[in-house]
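# Notes for the structure review
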Amino acid sequence: MAIMTTARTEVRLPAFQRRPEHGRDQGTKPTSPKLWLVTADAGTVAVAMLLTFLVRSSLGGPALDGARTAHLLIAAVSLPAWLGFFARRRLYNVRFLTRRIDEVRRIATAAAYSVTAMTVAAYAFQLPVSRAWLAMTWMGAVGLVGAEREIVRRTFMRLRRSGRMLRRVVIVGCNEEALDVAAMLEHDPMLGYEVVGFVDDAPDEGRRILGPVTETLAVVRETGAVSVIVAASAMNVDATNRLVRVLLREGIHVELSSTLRDIAANRLTVRPLGRYPIVYLEPCEAGGWRALAKRTFDVVVATAAIVLTMPIAALIAIAVKLDSRGPVIYRQKRVGKDGEIFEFQKFRSMVDGAHGMWIDLREQTGADGPIFKLKDDPRITRIGRLLRKTSLDELPQLWNVLKGEMSLVGPRPALPEEMLLWDEQLHDRLRVRPGITGMWQVSGRSDADVSSYTRLDLYYVDNWSLFQDVVIMLKTIPVVLFGKGAY
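It should be emphasised that the depicted structure is a prediction, and the values quoted were computed from it without experimental measurement.

### Things to note about the overall build of the chain
Within the chain, the regular secondary structure consists of 15 helices and 10 strands. Taking all 487 residues of the chain together, the buried fraction comes to 41%. At a minimum sequence separation of 6, the contacts of the chain that also span at least 24 residues come to 72%. Put simply, the chain shows about 27200 Å² of open surface, and 61% of that area lies on carbon and sulfur atoms.

And the structure:
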């Protein structure tokens, strides 16, 4: 029996799945987002070349009519080449642009190729083109196109949050991995997918199974899906290969999971090994010069932050003292790297003796798990609520960073009592210093659930890099400014 058939099979779908694609109105075809992006790129590159020419001219550059004509000619002729190099660097393929840093790198490379082509053309036709202008064009294009792409990215994000510009996808398999992928895509529409259902040979059991694996192509056509995600662990190798060949032959976009969860994509490299495409997983090296670089970064930034925030810290200390009785600085035992206990400090935001009420409040609320947070905690003082909302209560932790007990970025420093509630894998977070901020904090702070707390902390430990620390710190700024998830 063939693994699948191309015969059209009636697939009964729930009513909410039978809806026209966003942007279609009585058969009219929507304007392609790629066409808008190409147009925006072309306009931005043209603006970059014009602005850099004007700047170069104002600095004593080419001013003769002949020189202006030569520069205008090179700019106009090279514009299609810019777009061609952008396409060559996959700047119009969303699947290659999931991370901003990857997009910037591709823009920089494509711009370098384009400027090189402009240089060759100017030399070939003996045109008096300024080399300084060419260099400035590269810098201007990278900056302006990068800014334009960020605007486009944010526009796409807003549209996707409202349910538009989503790629309809069918997931092959309905095991734990497939369900986890589907839950992730449905929870985060900014990833750009709309899961219409699954194909699987198991009974439906209310999990939106639209048909057996042999009818995958028919299901894709019936649902209007344009992409298929195969949960690799749900099928054997031979069935996967036959299915993928049929789908690709019909022009369907196919993506296969790697079965690896919470491993940073930049650590994966696909390379040929004979007839097999092999995924190489780069080990995460946290020692050596990387550890020294992280520690140097912590000391330099923490020292600068302490100096800059001294006036604010003094005002906070006065406000805390006047607001309620008790010490200005609250000290508490926390668990550090390798399980070592250290004295964690912050501006007091609760009434004196609040920690003694911890067990009673946990019992009253029925809270469980390693995190205990109350939105309307009766122990928080008036000034403490403001400090927590703005995270200013955490300023004294900069001294913990200087002493080497904490890092600027890392897992949340846990209480010794919380360790009693940890499962075995959560102890891996003790391999690094706890941080003032971290992946968990910038992904919802107090609103994040226990599962997210575990997954994000372990993801950070397993995939740490100094660049990632910088990214997390930058993400911390809007989270703190808008008080997201803080209480």
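### Quick notes on the environment of Ser227
Along the polypeptide, Ser227 turns up in strand S3 (residues 227-230). Separated by 25 residues in the primary sequence, Ser227 and Ile252 have C-alpha atoms spaced 5.8 Å apart. In this structure Ser227 touches Arg167, Arg168, Val169, Val170, Tyr193, Ile252, His253 and Glu255, once residues within four positions along its chain are discounted.

### What to know about helix H3 (residues 100-124)
Between its terminal C-alpha atoms H3 stretches 36 Å, which fits the 36 Å expected from 25 residues at 1.5 Å a residue. For H3, the full list of buried residues reads Asp102, Glu103, Arg106, Ile107, Ala110, Ala111, Ser114, Val115, Met118 and Ala122. Of the residues one or two after H3, Gln126 is the one with positive phi, at around 55°.

### Quick word on the sheet that holds strand S2 (residues 193-199)
If you walk across this open sheet you meet the 4 strands as S2-S1-S3-S4, and the pairing is parallel. Here the strands that pair on one side only, and so sit at the sheet edges, are S2 and strand S4 (253-256). Neighbouring strand axes in the sheet, compared pairwise and without regard to direction, differ in orientation by 25° on average. Sitting on the sheet, helix H5 (residues 176-187) touches strand S1 (167-172), S2 and S3, and the angle it makes with S2 is about 155°. Against the sheet, helix H7 (residues 237-249) touches S1, S3 and S4, its axis set at about 155° to S4.

### Some remarks on the pattern of salt bridges
Any two side chains of opposite charge can pair, so long as their charged atoms come close to each other. Within the structure shown, the criterion is met by 16 salt bridges. One salt bridge connects Glu405 with Lys403, and the closest N-O pair in it is separated by 3.8 Å. What makes Glu405 partly exposed here is its relative accessible area of 23%. As a salt-bridge pair, Glu418 and Arg412 come within 3.0 Å of each other at their nearest N and O atoms. The same class applies to Glu418 as to Arg412, namely buried.

### Concerning the packing of helix H8 (residues 288-323) against helix H15 (residues 466-481)
Orientation of H8 relative to H15, taken along the N-to-C sense of each, is 30°, at an axis distance of 10 Å. It follows that H8 is roughly parallel to H15 by the angle criterion. Here H8 and H15 pass one another in a crossing that is right-handed. Across the interface between the two elements, Ala293, Lys294, Phe297 and Val301 from H8 touch Leu466, Asp469, Val470 and Met473 from H15. A breakdown of the residues in the contact of H8 with H15 according to their chemical character gives 6 nonpolar, no polar and 2 charged.

### Here we look at the side chain of Glu148
Along the chain, Glu148 turns up in helix H4 (residues 131-161). Buried within the structure, Glu148 lacks any salt-bridge partner; its nearest side chain of opposite charge belongs to Arg149, at an N-O separation of 4.1 Å. Among the polar contacts listed, one links the side chain of Glu148 to the side chain of Thr44, at a separation of 3.2 Å. Those residues in contact with Glu148, other than ones at most four positions away along the chain, are Leu37, Ala40, Asp41 and Thr44.

### Overview of the packing of aromatic side chains
Going through the model one piece at a time under the given rule, you end up with 2 aromatic pairs. Relative to Phe86, the ring of Trp82 lies with its centre 6.3 Å away and its plane at 80°, an arrangement referred to as edge-to-face. Taken together, the residues Trp82 and Phe86, both in helix H2 (residues 65-88) and 4 residues apart, mark about one turn of the helix. You can call Trp82 buried: its relative accessible area is 0%. Ring geometry for Phe85 and Tyr113: centres 5.7 Å apart, planes at 45°, overall tilted. One end of the pair, Phe85, is in helix H2; the other, Tyr113, is in helix H3, and 28 residues separate them in sequence. Taking the relative accessible area as the measure of exposure, Tyr113 reaches 41% and is therefore partly exposed. Between Arg334 and the ring centre of Phe344, over which it is positioned, the NZ or CZ distance is 4.2 Å.

### A few points about the nonpolar core
Among the nonpolar cores identified, the biggest contains 27 residues, and Leu398, Leu408 and Tyr460 are the most heavily contacted of them. Within the residue set of this core, elements represented by two or more residues are H8, strand S8 (341-347), helix H10 (382-390), helix H11 (397-402), strand S9 (407-409), helix H13 (439-442), helix H14 (450-462) and H15. Beyond its immediate sequence surroundings of up to four residues, Tyr460 is in contact with Lys294, Val409, Gly410, Pro411, Val432, Met439, Gln468, Asp469 and Ile472. Formed by 26 residues, the second largest nonpolar core is a distinct cluster that contains Ala75, Tyr92, Ile107 and Met118.

What counts, and at which threshold
- Residues numbered from 1 in each chain as written.
- Predicted model: local features only at pLDDT ≥ 70, side-chain atom pairs only at ≥ 80, totals over all residues.
- Heavy atoms only, no water.
- Helix = DSSP H or I, 4+ residues; strand = E, 2+ residues; numbered from the N terminus.
- Buried < 20%, exposed > 50% of the residue type's maximum accessible area, 1.4 Å probe, protein only.
- Contact = heavy atoms within 4.5 Å.
- Areas by Shrake-Rupley, 256 points an atom, 1.4 Å probe, with all protein chains shown as cover.
- Expected span 1.5 Å × (residues − 1).
- Pairing = 2+ DSSP bridges.
- Axes fitted to C-alpha atoms, helices over the stretch in contact; angles between N-to-C directions.
- Salt bridge = Lys/Arg side-chain N within 4 Å of Asp/Glu carboxyl O.
- Parallel < 35°, antiparallel > 145°, perpendicular 65-115°, else oblique.
- Left-handed = near helix turned anticlockwise from the far one by under 90°.
- Nonpolar A, V, L, I, M, F, W, Y, C, P; charged D, E, K, R; others polar.
- Lys, Arg positive; Asp, Glu negative; His and termini not counted.
- Polar contact = N/O pair within 3.5 Å; in protein donor to acceptor, adjacent residues only side chain to side chain.
- Phe/Tyr/Trp six-rings, centres within 6.5 Å; stacked < 30°, edge-to-face > 60°.
- Lys NZ or Arg CZ within 6 Å of the ring centre and 35° of its normal.
- Core = buried A, V, L, I, M, F, W, Y, C linked by side-chain atoms within 4.5 Å.

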